[in-house]
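Per-entry structural report
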Amino acid sequence: MHRKYIRKIFLGEIHPANSCKFENEEYEKWQTEFTKLYREIQALLPDDKKKMLELLCDAHTAMQTEIVIDGFCNGFELGANLIAECLYSEEK
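Residues numbered from 1 in each chain as written. Predicted model: local features only at pLDDT ≥ 70, side-chain atom pairs only at ≥ 80, totals over all residues. Heavy atoms only, no water.

Turning our attention to the overall build of the chain. The helix and strand inventory of the chain stands at three helices and zero strands. The buried share of the chain, taken over its 92 residues, is 2%. In the structure as shown, the chain presents an accessible area of about 8800 Å², 61% of it carried by carbon and sulfur atoms. (Helix = DSSP H or I, 4+ residues; strand = E, 2+ residues; numbered from the N terminus. Buried < 20%, exposed > 50% of the residue type's maximum accessible area, 1.4 Å probe, protein only. Areas by Shrake-Rupley, 256 points an atom, 1.4 Å probe, with all protein chains shown as cover.)

Here it is, written out as structure tokens:
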């Protein structure tokens, strides 16, 4: 069994979440829209409230990170189970 990738992930040599590429038109569209709205909202806020907007965005980013990590873990588990079933199942 090839274990080099599992070992590299364990040792921190591979960062699957960092290897995702979001360079597509759909992502760019939403990134542009987010930046536009963020700047518009920020311009409306007094200086003492701008930090709250930043904290809100940081909290949202943290939540999204957890969703991505969970999705990766679930996908990995699903893939491992599919491979195990293909290799070890008595049913053909």
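Another point: the packing of aromatic side chains. Two aromatic rings are characterised by how far apart their centres lie and by the angle between their planes. As enumerated under the stated definition, the model contains two aromatic pairs in all. Seen from their ring centres, Phe34 and Tyr38 are 6.1 Å apart, and the 25° between their planes marks the pair as stacked. Placement of the pair is Phe34 and Tyr38 together in helix H2 (residues 25-44), with a separation of four residues, close to one helical turn. A residue is classified by how much of its surface remains accessible, and Phe34, at 45% relative accessible area, is partly exposed. Between Phe72 and Phe76, the ring centres sit 6.2 Å apart and the planes meet at 35°, which makes this aromatic pair tilted. (Phe/Tyr/Trp six-rings, centres within 6.5 Å; stacked < 30°, edge-to-face > 60°.)

Here H2 contains 20 residues, and its C-alpha end-to-end distance of 29 Å stays within 8% of the 28 Å for a straight helix at 1.5 Å per residue. The opening residue of H2, the one whose side-chain oxygen lies 3.1 Å from the backbone nitrogen of Glu26, is Asn24. (Expected span 1.5 Å × (residues − 1). Polar contact = N/O pair within 3.5 Å; in protein donor to acceptor, adjacent residues only side chain to side chain.)

This part takes up the confidence of the model for the chain. Averaged over all residues, the pLDDT of the chain equals 86, while 89% of them reach at least 70. Averaged pLDDT values for the elements of the chain fall to 76 in helix H1 (residues 4-10) and rise to 94 in H2. (pLDDT = per-residue confidence, 0-100.)

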